[in-house]
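A closer look at the structure
Residues per chain are reported as follows:
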Amino acid sequence: MKQLVVATRNKGKIIEITALLADLVDQVSSPSDYADFPEIVEDGATFEENALKKAREASLFSGLPALADDSGLVVDVLNGAPGVFSARYAGANADDAANNARLLNECHHVTEEHRQAAFVCVLAFVTPEGVERLFTGRVAGRILSAARGEGGFGYDPLFLVDGFGRSMAELTLEEKNGISHRAQAFEKFRDYLATMSMI
Ligand code: ITT
């Protein structure tokens, strides 16, 4: 595919997505490449709604095919929180440190065996011709009691990946992009593009 807009302002996502798209797209642009890219209000109740909204607005604005990632952490014992509120769990302008501090606090009295969680990613692909497709990925793990590792972004230091014995932040970019929720959704997107002969 020649050109694609990726509708995210999250620097951690952009690093991972750039690597995941490397052999799929000639030219990837993101909101920071445009002077007046619209601010998109994420007011949907689901990852699907938010991902579609971001991709639709990006495609409309740019006139190009657009991809948007809506993702987050889902913790069983917290009834699925932070979920679609993952980016702003500790408040509207919360940073990763504040969100992680709240997560630790909420899980404080929960024993290890009840800390099951998952990262979920929904990718929305929208084109100016009216194509709309969703691709989902999910990776399971447990919430740690203290941060581990320096890699990744967001909740990665508090997420012990099932079957790895390491936190998501203890994986290299290549390792994370081999197993993550985002990588799984991109794998489905890749298969779709191949089926449609778009690559
Ligand atoms: P955009 O909407 O501009 O893409 P955002 O950060 O607001 O950026 P989301 O609304 O999809 O994106 O929220 C995703 C949040 O979920 C993100 O800020 C992290 O807190 C968390 N998250 C998602 N994927 C993650 C990952 O791979 N590792 C750690 N945390 C992740």
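Residues numbered from 1 in each chain as written. Predicted model: local features only at pLDDT ≥ 70, side-chain atom pairs only at ≥ 80, totals over all residues. Heavy atoms only, no water.

1. Observations concerning the overall build of the protein
Along the protein, the regular secondary structure elements total 5 helices and 6 strands. Across the protein, helices and strands are ordered from the amino to the carboxyl terminus as β-α-β-α-β-α-β-β-β-α-α. Taking 16 Å as the expected radius of gyration for a compact globule of 199 residues, we find that the protein reaches 17 Å, a close match to that expectation. Principal-axis analysis of the C-alpha atoms places the extent of the protein at approximately 50 × 30 × 25 Å. (Helix = DSSP H or I, 4+ residues; strand = E, 2+ residues; numbered from the N terminus. Rg over C-alpha atoms; globule rule 2.2 N^0.38 Å.)

2. A word on helix 3 (residues 96-106)
Among the residues of helix 3, those classed as buried are Asn99, Asn100 and Leu103. Axial view of helix 3: buried residues confined to an arc of 100°, hence all on one face. Exposed side chains of helix 3 directed beyond 90 degrees from the buried face belong to Ala97 and Asn105. Looking at the buried side of helix 3, the elements it contacts are strand 3 (66-75) and strand 5 (132-143). (Buried < 20%, exposed > 50% of the residue type's maximum accessible area, 1.4 Å probe, protein only. Arc of directions from axis to C-beta. Contact = heavy atoms within 4.5 Å.)

3. Structural notes on the pairing of strand 4 (residues 116-126)
Along strand 4, 10 of the 11 residues are buried, which leaves the element largely enclosed by surrounding structure. In this structure, strand 3 lies alongside strand 4, joined through 10 bridges in antiparallel fashion. Residue pairing for strand 4: Val75 is matched across the bridge by Ala117. Summarising the sheet, strand 4 and strand 5 pair through 11 bridges and their orientation is antiparallel. Counted as the bridge partner of Leu123 is Phe135 from strand 5. Hairpin remark: strand 4 followed by strand 5, antiparallel, with 5 residues in the connecting loop; positive phi at Gly130, about 105°. (Pairing = 2+ DSSP bridges.)

4. Let's talk about the sheet that holds strand 1 (residues 3-6)
With mixed pairing, the 6 strands of this open sheet are ordered in space as 2-1-3-4-5-6. The strands lining the two open edges of the sheet, one partner per strand, are strand 2 (27-29) and strand 6 (159-161). Ignoring which end each strand starts from, the neighbouring axes of this sheet average 35° apart. Note: strand 1 against strand 3, 2 bridges, orientation parallel. Across the sheet, the residue bridging to Val6 is Leu67, located in strand 3. The sheet strands contacting helix 1 (residues 11-21) are strand 1, strand 2 and strand 3, and the helix crosses strand 3 at an angle near 125°. The sheet contacts of helix 2 (residues 47-62) involve strand 1, strand 3, strand 4 and strand 5, and relative to strand 3 the element is tilted by about 160°. (Axes fitted to C-alpha atoms, helices over the stretch in contact; angles between N-to-C directions.)

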